[in-house]
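Letter by letter, the chains look like this.
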Amino acid sequence: MLQPQPQPLALYPLRYSGDCALLALTPAGDLLVEEWVAGEWLAQHHLAADGRWLASVDEQRDGAAFHVLPLPAGALRPAPPPPLRALELAAVRYQGLREAERLTDWVQPLTLAEKLPLIAALRLPVTPMHLAGLAESRVLSAAALDDADRWWVCRRVRLALLLPQPRPGPDGLPCDYETRPLWLAHEYDARRDVAPPLHEALSLAGVPLLRPLECLRHGDRLYLAEGGQPDTGQLSRISVWHLPPR
């Protein structure tokens, strides 16, 4: 059995709406975080355990005076994700022609019981037959739990959606399928290859997630770096969760 879902403790908005990462958790419980802005410059912030901003550096603002924030001695840093191969699926093209590219040979199919709540949760304007399956799955970050075979993971997947009629893609070439990215955060039992359904991993304890990109666990605390939404201006954020005891 997977353990009960974490409960929300705190939410710290950042400054921009791009990608973000957890640099370190200090012995005092402070967080050092990083943001990448439009793929052009970065900013780093030092947040106290209660969310107060203690320091911030920004390449765009500081120019030649920019310097990275030092990491205190004994700081806990996220580890590279382990090879959780059951959660990895090689990517197909973002869009293309399904027959020519043998799409059905490459995607991971989903059952009707998996498709229906996922379509409802995402409000996809498609029927179950037009959701071909998973076109990609990649573990972005993983935080070990007390049991060596249990992890909290941040994961990006892509859904393959069949188009009713061929149309020009962004590159001007015809396509009759496209893919949609999703960012998930969930517990994973590697020994039994058990993970929650995709639609359940879009939120934690009823709180919708943005783009979970990195996770860090310390004791009964789980820290998530959630990327923002440039299209809507939604800022990146750090969320802090309490891990219930087993």
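Residues numbered from 1 in each chain as written. Predicted model: local features only at pLDDT ≥ 70, side-chain atom pairs only at ≥ 80, totals over all residues. Heavy atoms only, no water.

Novice: Account for unusual backbone geometry, naming residues and giving values.
Specialist: In this model, R123 sits at a positive phi of 55°, which is unusual for a non-glycine residue. Tracing the backbone shows R123 in the loop between α3 (112–122) and β7 (131–144). Positive phi outside glycine occurs at A205, with the angle close to 50°. By the element assignment, A205 lies in the loop between β10 (203–204) and β11 (207–208). (Helix = DSSP H or I, 4+ residues; strand = E, 2+ residues; numbered from the N terminus.)

Novice: Give a description of the packing of aromatic side chains that names residues and reports values.
Specialist: One pass over the structure, following the stated rule, counts 1 aromatic pair. Each ring, one from Y16 and one from W41, has its centre 5.9 Å from the other, and the planes form 90°; the classification is edge-to-face. With a gap of 25 residues between them, Y16 in the loop between β1 (7–13) and β2 (19–25) and W41 in strand β4 (residues 41–47) connect regions that are remote in the sequence. In this structure W41 comes out as buried when scored by relative accessible area, which is 15%. The side chain of R15 reaches across the aromatic face of W53, ending 4.1 Å from its centre. Here R211 stacks its cationic end above the ring of W183, 5.2 Å away from the centre of that ring. (Phe/Tyr/Trp six-rings, centres within 6.5 Å; stacked < 30°, edge-to-face > 60°. Buried < 20%, exposed > 50% of the residue type's maximum accessible area, 1.4 Å probe, protein only. Lys NZ or Arg CZ within 6 Å of the ring centre and 35° of its normal.)

Novice: Give me the lowdown on the nonpolar core, citing residues and values where you can.
Specialist: Counting 16 residues, the largest nonpolar core has L118 and L159 as its most contacted members. Taken together, the elements giving at least two residues each to this core come down to α3, β7, β8 (150–168) and β9 (174–189). With sequence-adjacent residues up to four places away left out, L159 is seen in contact with L118, L122, L124, L131, G133, L134, E178, T179, R180, L182 and L198. (Core = buried A, V, L, I, M, F, W, Y, C linked by side-chain atoms within 4.5 Å. Contact = heavy atoms within 4.5 Å.)

Novice: Got a sec to walk through the pattern of salt bridges? Specific residues and values, please.
Specialist: According to the stated counting rule, one finds 16 salt bridges in the structure shown. For R52, the salt bridge goes to D50, with nearest N and O atoms at 2.8 Å. (Salt bridge = Lys/Arg side-chain N within 4 Å of Asp/Glu carboxyl O.)

Novice: Explain the side chain of D189 residue by residue, including any values.
Specialist: Of note, D189 is situated in strand β9. Only 3.0 Å separates the side chain of D189 from the side chain of R192, close enough to count as a polar contact. (Polar contact = N/O pair within 3.5 Å; in protein donor to acceptor, adjacent residues only side chain to side chain.)

Novice: An account of the environment of G96 is needed here, citing residue identities and associated values.
Specialist: Along the chain, G96 falls in strand β6 (residues 95–96). Residue classification places G96 among the buried residues on the basis of a relative accessible area of 3%. The sequence separation of G96 and E34 amounts to 62 residues, and the corresponding C-alpha distance is 35 Å. Not counting chain neighbours up to four residues away, the residues in contact with G96 comprise E101, P174, C175, D176 and Y177.

Novice: Run through the sheet that holds β4, naming residues and quoting values.
Specialist: Taken in spatial order, the 4 strands line up as β2-β3-β4-β5 in an open sheet, and their pairing is antiparallel. The open sheet has two edge strands, β2 and β5 (53–58), and neither has a second partner. This sheet shows a mean twist of 15° between the axes of neighbouring strands, independent of strand direction. In this sheet, strand β3 (residues 31–37) lies alongside β2 in antiparallel orientation, the contact comprising 6 bridges. (Pairing = 2+ DSSP bridges. Axes fitted to C-alpha atoms, helices over the stretch in contact; angles between N-to-C directions.)

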